[in-house]
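Architecture at a glance
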Amino acid sequence: MLPMLKEILTQSVKKPVTNLFPAARLPKSITGFLEDVGRGKANLIPPVETPEHMRGKLSYKRNICNGCGLCMKVCPSHAIEQVVYPVPPAKEGEEQPRAQKRIRIYVGNCIFCGQCIDICPKEAISQTSEFLLAAEDRFAESQIIE
Ligand code: SF4
Ligand code: SF4
């Protein structure tokens, strides 16, 4: 009981350790703020300090991905699917090139565990510090990485 009381008293005088975003950045007038955004004087999503190595939205470099599919296999939340891009038919006498396999990541399913990053042999996936990811449509452009 005593250690608990001590902890309660200590915590009641300590400053919160949480980031006060967005409360700290709440404008006095929402209408005025939106007008400023329209005039290009304010950003809808202001830059916010984030910790080093923060696990935010994934970034994917399609041009270096080899389509091996390992990321898909380890993803615990089935956030990654394979996409096959067809290639034009080969000219006569030429060998038909193979269809290009790449991936698509669904932000709404991702739990930011980082397993796909660890397994990728090409370092094609990385994590950014972008964290304002809410959207009404889980299939909106902002919610799909490819
Ligand atoms: S970070 Fe984790 S949950 Fe998100 S896509 Fe990669 S493996 Fe899947
Ligand atoms: S593990 Fe890397 S190289 Fe393989 S499909 Fe995924 S992103 Fe591409």
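What counts, and where the lines are drawn
- Residues numbered from 1 in each chain as written.
- Chains lettered and ligands numbered in written order.
- Predicted model: local features only at pLDDT ≥ 70, side-chain atom pairs only at ≥ 80, totals over all residues.
- Heavy atoms only, no water.
- Pairing = 2+ DSSP bridges.
- Helix = DSSP H or I, 4+ residues; strand = E, 2+ residues; numbered from the N terminus.
- Near = heavy atom within 4 Å.
- Nonpolar A, V, L, I, M, F, W, Y, C, P; charged D, E, K, R; others polar.
- Phe/Tyr/Trp six-rings, centres within 6.5 Å; stacked < 30°, edge-to-face > 60°.
- Lys NZ or Arg CZ within 6 Å of the ring centre and 35° of its normal.
- Salt bridge = Lys/Arg side-chain N within 4 Å of Asp/Glu carboxyl O.
- Buried < 20%, exposed > 50% of the residue type's maximum accessible area, 1.4 Å probe, protein only.
- Domains from an automatic or database assignment.
- Core = buried A, V, L, I, M, F, W, Y, C linked by side-chain atoms within 4.5 Å.
- Contact = heavy atoms within 4.5 Å.
- Polar contact = N/O pair within 3.5 Å; in protein donor to acceptor, adjacent residues only side chain to side chain.

Describing the sheet that holds strand 2 (residues 80-85)
In space, the three strands of this open sheet follow the order 2-3-5, with antiparallel pairing throughout. Both outer strands of the open sheet, strand 2 and strand 5 (144-145), are each paired with one neighbouring strand and no more.

Focus on the site of ligand 2
In the vicinity of ligand 2 there are 13 residues, among which C65, N66, C68, C71 and C120 approach most closely. Counted by class, the shell around ligand 2 contains nine nonpolar, three polar and one charged residues.

Some words on the site of ligand 1
Around ligand 1 sit L58, C75, P76, S77, A79, I80, C110, I111, F112, C113, G114 and C116, and those are all the residues in its vicinity. Here the residues of the shell around ligand 1 sort into 10 nonpolar, two polar and no charged.

Concerning the packing of aromatic side chains
Under the definition given, this model contains one aromatic pair. Cation over ring: R62 sits above Y85, and NZ or CZ is 4.7 Å from the ring centre.

A short note on the pairing of strand 3 (residues 100-106)
One ladder, built from six bridges, connects strand 2 with strand 3; its direction is antiparallel. When the bridges of strand 3 are listed, Q82 appears paired with I103. As judged from the two bridges shared by strand 3 and strand 5, these two strands associate in the antiparallel manner. Following the sheet pairing, Y106 is matched in strand 5 by I144.

Quick notes on the pattern of salt bridges
Using the criterion set out here, one finds three salt bridges in the structure. Across the pair R104 and E81 runs a salt bridge whose closest N-O atoms are separated by 2.7 Å. With R104 in strand 3 and E81 in strand 2, this pair connects stretches of sequence that are 23 residues apart. Relative accessible area serves as the criterion here: at 30%, E81 is assigned to the partly exposed category.

Some thoughts on the domain arrangement of the protein chain
Once the domains are mapped, the protein chain shows domain 1 (17-49) and domain 2 (51-146). Inter-centroid distance (C-alpha atoms) of domain 1 to domain 2 is 31 Å.

Some words on the nonpolar core
Judged by nonpolar contacts, the single largest core of 17 residues is most densely connected at L58, Y60, I80, I103, I105 and I125. Contributing elements (two or more residues each) for this core: strand 1 (58-60) and strand 3. Beyond its immediate sequence surroundings of up to four residues, I103 is in contact with Y60, C71, I80, E81, Q82, V83, I125, I145 and E146.

So, the side chain of S77
Turning to its location among the elements, S77 is positioned in the loop between helix 3 (70-74) and strand 2. Among the polar contacts listed, one links the side chain of S77 to the backbone oxygen of N109, at a separation of 2.9 Å. Here S77 is in contact with N109, C110 and I111, once residues within four sequence places are set aside.

Things to note about the environment of P97
As for its position among the elements, P97 is in the loop between strand 2 and strand 3. Sequence-wise, P97 and V87 are 10 residues apart; in three dimensions their C-alpha atoms are separated by 7.0 Å. Dropping the residues within four chain positions of it, P97 is found in contact with V87 and A90.

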